[in-house]
Amino acid sequence: MTNSDPKSNPGEPAELRSFARTRTRGLTARQQDVVDRLSEEVTIGPNVNDGQDAAALFDAKFDDVWIEIGFGGGEHLLWQARNNPEVGLIGCEPFRDGVVRVMTAIDSEKLTNIRLLADDARPLLRSLQPESIGRAFVLFADPWPKKRHHKRRLINPGLADLLARVLKPNAELRVATDIDDYLQAILLTFHLHSSFQWLAERPTDWRHRPDDWPETRYQTKAIREGRSCAYLRYRRI
Ligand SMILES: C[S@@+](CC[C@H](N)C(=O)[O-])C[C@H]1O[C@@H](n2cnc3c(N)ncnc32)[C@H](O)[C@@H]1O
């Protein structure tokens, strides 16, 4: 297996790219203006210092810091930021259009509690101070449907280890998927991991989306195409 992720630390296990390379159109003048004005303030690099305090990525002091990995168009990230102004949100997404969309909303709504990493989340997860994140979201990670591509799926035991490291004890991890065989693999991954407890007590707990879990663009498409979604909540033990 070759390592296509040049940002893996030397000596760390090889990591395959987990996202598709999407061609994007050029930015409009307005978008370019937003990117020019906001990038320095709201974006963070993938290679933050080892032991980076998550709270120190924000100018203001927040009660807690949450992270969303693969925020896509940013619907869920923005909803959480608007509805939890006492929380700092780190959003990670290599898809440039999504990053620009969120930056535009930050600009027009004057949101101060979002920081963006326009790249793979995993190097950041490795660098953040242990037990510094109060909640994590990984919603509808790319399904990579072909069997030979399953090894690219983001949610795997390696990601579970990274999340276990950065989440505070009792922190919540939220995961969603609409792909049956990915669901099985996700359930197995966290079942076998000693740091996570699945919070579902009955099927309705994971077949229904809680009120504070807004719909994403990908989820809307999944439902329109007739797939049912699983909403998994775990507690970091
Ligand atoms: C199927 S989309 C879902 C987007 C969004 N969560 C939603 O529900 O609409 C998965 C997203 O995860 C992003 N992604 C994949 N691997 C990632 C990684 N290693 N770090 C951060 N984001 C990643 C992709 O770029 C893509 O936008």
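Structure: see above.
Below you will find a few notes about this structure. (Residues numbered from 1 in each chain as written. Predicted model: local features only at pLDDT ≥ 70, side-chain atom pairs only at ≥ 80, totals over all residues. Heavy atoms only, no water.)

Attention shifts here to the pattern of salt bridges. Summed over all chains, the structure comprises 23 salt bridges. Salt-bridge contacts for Asp181 lead to Arg153; the nearest nitrogen and oxygen are separated by 3.2 Å. Of this pair, Asp181 sits in helix H6 (residues 180-192) while Arg153 sits in the loop between strand E4 (133-139) and helix H5 (157-166); the two residues are 28 residues apart in sequence, bridging distant segments of the chain. A single network of salt bridges, built from pairs that share partners, joins Arg135, Glu172, Arg174, Asp212 and Arg233. (Salt bridge = Lys/Arg side-chain N within 4 Å of Asp/Glu carboxyl O. Helix = DSSP H or I, 4+ residues; strand = E, 2+ residues; numbered from the N terminus.)

This part is about the sheet that holds strand E2 (residues 87-92). With mixed pairing, seven strands are arranged side by side in an open sheet as E3-E2-E1-E4-E5-E7-E6. Each end of this open sheet is capped by a strand with a single partner; those strands are strand E3 (114-117) and strand E6 (196-198). Ignoring strand direction, the axes of neighbouring strands in this sheet form an average angle of 20 degrees. Examined bridge by bridge, E2 and E3 share four bridges and lie parallel to one another. Of the residues in E3, the one forming a bridge with Ile90 is Arg115. In the packing of helix H2 (residues 75-83) onto the sheet, the strands contacted are strand E1 (64-69), E2, E3, E4 and strand E5 (167-177), and the crossing angle to E2 comes to about 170 degrees. Across the sheet, H5 lies against E1, E4, E5, E6 and strand E7 (230-236), angled at about 145 degrees from E5, the strand it touches most. (Pairing = 2+ DSSP bridges. Axes fitted to C-alpha atoms, helices over the stretch in contact; angles between N-to-C directions. Contact = heavy atoms within 4.5 Å.)

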